[in-house]
Amino acid sequence: MSIKHRGVCQTPDGRYYIKYRPGRNPLEPTRTSEYFGRGSDALLRAAARYEELHDRRKRHDPAGITFADLANRYIEAKVHDLSRSDADAWYWKMRSIIFPAIGNLEVARLDHDRLDEYRAKRTRDGVKQVTIHRELSYIRAILNWGVRRRLIGSSPMAGYQMPRKDSQIVRPISDDEFERILQHAAPHVRRAMLVAANTGLRPGAVELLTLTWDAFDERAKVLRVTSARKGGLDSREVPLLDSFVELLKKWRDEDGGSGYIVHWHGRRIKTSLKTAWKAAKKRAGVQGRVRPYSIRHRFVTRLLDAGADLKSVSEIVGHKDVNMTIKVYQESSSQSKRKTIELLGESFPLSEPKKW
């Protein structure tokens, strides 16, 4: 390996590449190297790319800094404190949603009216207020960081009234809806549904979609899960029914014993099941607000209705304490309420007292 230009390296077979620390490439914050091929043209491209990544700060005028510039500097400073999944989620949210809307705006022009326009468009797109609140929180965190680093004089979000979070509780999916969607789902969605129904895992990129066969302990009859960063347990073991253990063994044999439990033709599903879920839901003729997360709610609700110990349920689903479980699943079913009332038995009089 020999150095041909400042910052440019060469592999033994002649390919030029550059290396940099995580966060230096704002579009792919976890990436640390890029390859450009062989020849003088590849060398020039590698050198230009190195200068672009390492001298970017010198080209920006802090007085006219755009929101995208500020956000990229923010992730450069924060990337070492983030997990790979958190960094990927940040990148996706910025690239797909926030940058197209306000990324090219100078921070000085990002006033309350602009933020109201952003909020109104997201509402028209059918996005929940709790999601819009989270996105605005990202924007506010970046602006506040810019003030602390003296990259901008003040935050244009100062005094901005954030939207109220939705108070609507996600209802559990009914048995009929579950069976209908299961029959019309693609194979990878069907697997995801059955795993979530038997374990209560969060059906997203961190828990369910990163689950590999190494997490399945056939002898102990458990799945070892790395929990999503929701303020709960960092990891947990989820006990499995014998019938589900047999199903997992069947799937494992089909997959050759390695890889992801829920996958798309052997490849990892990196983001979510939303598109395939909507398609299966449409084919099944299921309407209303029924999401993959509704299966997790079904799991918890059925356990609580059956009289399961609240602390055990809380630990299985990855909550740090029972108060979190009570807060999230505060909507008790009519069956659960009726069972509670029936505990009174005949301890109260069944007729009015005689009048004096």
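Worth saying up front: this structure is predicted, and the values here are computed from it rather than measured.

The rules behind the values
- Residues numbered from 1 in each chain as written.
- Predicted model: local features only at pLDDT ≥ 70, side-chain atom pairs only at ≥ 80, totals over all residues.
- Heavy atoms only, no water.
- Helix = DSSP H or I, 4+ residues; strand = E, 2+ residues; numbered from the N terminus.
- Buried < 20%, exposed > 50% of the residue type's maximum accessible area, 1.4 Å probe, protein only.
- Contact = heavy atoms within 4.5 Å.
- Areas by Shrake-Rupley, 256 points an atom, 1.4 Å probe, with all protein chains shown as cover.
- Patch = residues over 30% accessible without salt bridge, like charges linked within 9 Å, V, L, I, M, F, W, Y side chains within 5 Å.
- Salt bridge = Lys/Arg side-chain N within 4 Å of Asp/Glu carboxyl O.
- Lys, Arg positive; Asp, Glu negative; His and termini not counted.
- Charge placed at Lys NZ, Arg CZ, Asp CG, Glu CD.
- Pairing = 2+ DSSP bridges.
- Axes fitted to C-alpha atoms, helices over the stretch in contact; angles between N-to-C directions.
- Left-handed = near helix turned anticlockwise from the far one by under 90°.
- Nonpolar A, V, L, I, M, F, W, Y, C, P; charged D, E, K, R; others polar.
- Polar contact = N/O pair within 3.5 Å; in protein donor to acceptor, adjacent residues only side chain to side chain.
- Expected span 1.5 Å × (residues − 1).

(A) Structural context of the overall build of the chain. Of the regular secondary structure elements, the chain holds 14 helices and 6 strands. Within the chain, the fraction of its 356 residues that count as buried is 41%. Considering only intrachain contacts with a sequence separation of at least 6, the fraction spanning at least 24 residues in the chain is 61%. For the chain, the exposed area adds up to about 21100 Å²; of that, 50% sits on carbon and sulfur atoms.

(B) Examining a negative patch on the surface more closely. Residues Asp111, Asp113, Asp116 and Glu117 make up a contiguous surface patch of negative charge. Relative to the assigned elements, aspartate 116 resides in helix H5 (residues 112-124). Residue class for aspartate 116 comes out partly exposed when judged on its relative accessible area of 36%.

(C) View of unusual backbone geometry. Although it is not a glycine, lysine 221 adopts a positive phi angle of roughly 60°. Its location among the elements puts lysine 221 in the loop between strand E4 (216-217) and strand E5 (222-226). What makes lysine 221 partly exposed here is its relative accessible area of 33%.

(D) The arrangement of the sheet that holds strand E6 (residues 235-239) in detail. In spatial order, the strands read E4-E5-E6; together these 3 strands make up an open sheet with antiparallel pairing. The open sheet has two edge strands with one neighbour each: E4 and E6. For E5 and E6, the ladder comprises 5 bridges, and the chain directions are antiparallel. Among the inter-strand pairings, valine 222 is bridged to a residue of E6, identified as proline 239.

(E) Structural context of the packing of H5 against helix H6 (residues 129-148). Packing of H5 against H6 brings their axes to within 10 Å, and their N-to-C directions diverge by 145°. Crossing handedness for the pair H5 and H6: right-handed. Residue-level inspection shows Leu115, Tyr118, Arg119, Arg122 and Thr123 of H5 in contact with H6, the latter providing Gln129, Thr131, Ile132, Glu135 and Leu136. For the contact of H5 with H6, a count of residues per class yields 4 nonpolar, 3 polar and 3 charged.

(F) Looking closely at the pattern of salt bridges. Scanning all chains against the criterion turns up 21 salt bridges. Arginine 224 is the salt-bridge partner of aspartate 217, the closest N and O atoms lying 2.9 Å from each other. Of the charged contacts in the structure, one is a salt bridge between glutamate 254 and lysine 250, with a shortest N-O distance of 2.8 Å. Taken as a pair, glutamate 254 and lysine 250 lie in helix H9 (residues 242-255) at a separation of 4 residues, close to a single helical turn. By relative accessible area, lysine 250 is classed as partly exposed at 46%.

(G) Here's a closer look at the side chain of arginine 202. Of note, arginine 202 is situated in the loop between helix H8 (187-199) and E4. Under the relative-accessibility criterion, arginine 202 is labelled buried at 6%. Polar contacts involving the side chain of arginine 202 include one to the side chain of glutamate 207, which spans 2.5 Å.

(H) View of helix H3 (residues 67-78). Between its terminal C-alpha atoms H3 stretches 16 Å, which fits the 16 Å expected from 12 residues at 1.5 Å a residue. With 10 of 12 residues buried, H3 lies mostly within the body of the structure. Within the sequence span of H3, burial applies to Phe67, Ala68, Asp69, Leu70, Ala71, Asn72, Arg73, Tyr74, Ile75 and Glu76.

(I) Structural detail: the sheet that holds strand E2 (residues 16-19). Taken in spatial order, the 3 strands of this open sheet run E1-E2-E3, and their pairing is antiparallel. Every other strand in the sheet has two partners, leaving strand E1 (8-10) and strand E3 (33-37) as the edge strands with one partner each. In this sheet, adjacent strand axes meet at a mean angle of 30° when their direction is disregarded.

(J) Quick peek at the pairing of E2. Relative to E2, E1 runs antiparallel, the two being bridged by 3 bridges. Paired with glutamine 10 across the bridge in E2 is tyrosine 16. Adjacent in sequence and paired antiparallel, E1 and E2 are bridged by 5 residues, among which glycine 14 carries a positive phi angle near 100°. As defined by bridge partners, E2 adjoins E3 across 4 bridges and the pair is classed as antiparallel. Its bridge partner being in E3, tyrosine 16 is matched across the sheet by glycine 37.

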